Amino acid sequence: AVVSTQSTGESTTYNGFPIVADDQYRIVVGYVSRTDLTRALKCARDKHIDLVSASRVYFSDGLMRSNAGGGPISVALGKFVNHDPICIEPKTPLAHTIDMFTKLGLSQVLITHRGKLKGIITRKDVLRHIDYLKTSSNGQNFF
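Let me sum up the structure you'll find in this document. Being a predicted model, the structure only gives us computed values, none of them experimental. (Residues numbered from 1 in each chain as written. Predicted model: local features only at pLDDT ≥ 70, side-chain atom pairs only at ≥ 80, totals over all residues. Heavy atoms only, no water.)

What about the overall build of the protein chain?
Next up, step 1: Within the protein chain, the secondary structure is distributed over 4 helices and 8 strands.
Next up, step 2: Written out in order from the N terminus, the α and β elements of the protein chain read α-β-β-α-β-β-β-β-α-β-β-α.
Next up, step 3: Counting all 143 residues of the protein chain, 31% fall into the buried class.
Next up, step 4: Carbon together with sulfur atoms contributes 53% to the accessible area of the protein chain, which is approximately 9,400 Å² in total. (Helix = DSSP H or I, 4+ residues; strand = E, 2+ residues; numbered from the N terminus. Buried < 20%, exposed > 50% of the residue type's maximum accessible area, 1.4 Å probe, protein only. Areas by Shrake-Rupley, 256 points an atom, 1.4 Å probe, with all protein chains shown as cover.)

Here's what the structure looks like:
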């Protein structure tokens with residue numbers, strides 16, 4: 001619903017959210033940044049005064065549509081979604097992951113196994129780990 005989507009975007013410190021096709025199987029279908037999510041909901045509310053807190057939110061492409069039963073209008077936010085986020089496998093070497101963050105300027109990477117979401121690694125996570133390796137290595141170079 002719009003109200004839960006909006007409150008998630010406003011009340012969290014996360015910079016974005018993976019989008020999965022099913023809660024049970026967690027197949028990754030996209031990623032939406034918190035900024036884009038907030039902007040999309042504001043845009044939808046500005047354009048459609050009949051959008052209410054109980055309106056359903058879909059992260060697929062398409063236009064706003066009303067429910068068949070005469071319920072509240074729904075909103076499709078597919079154009080704000082990155083439908084091809086950068087993903088790595090859990091066994092991806094750290095050096096390769098660091099290289100991806102550095103060369104591609106990424107702020108996060110989704111960790112998937114056979115398309116299923118397993119986690120997220122952020123630039124901050126990588127930097128923290130590098131600092132840990134530096135302080136615990138006693139002068140050894142891991143890179």
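Considerations on the sheet that holds strand S7 (residues 108-113)
Next up, step 1: Overall, mixed pairing links the 3 strands, which are arranged S6-S7-S8 in an open sheet. The open sheet has two edge strands, strand S6 (87-88) and strand S8 (116-122), and neither has a second partner.
Next up, step 2: The pairing of S6 with S7 spans 2 bridges and is classified as parallel. Across the sheet, residue isoleucine 88 finds its bridge partner in S7, namely isoleucine 111. (Pairing = 2+ DSSP bridges.)

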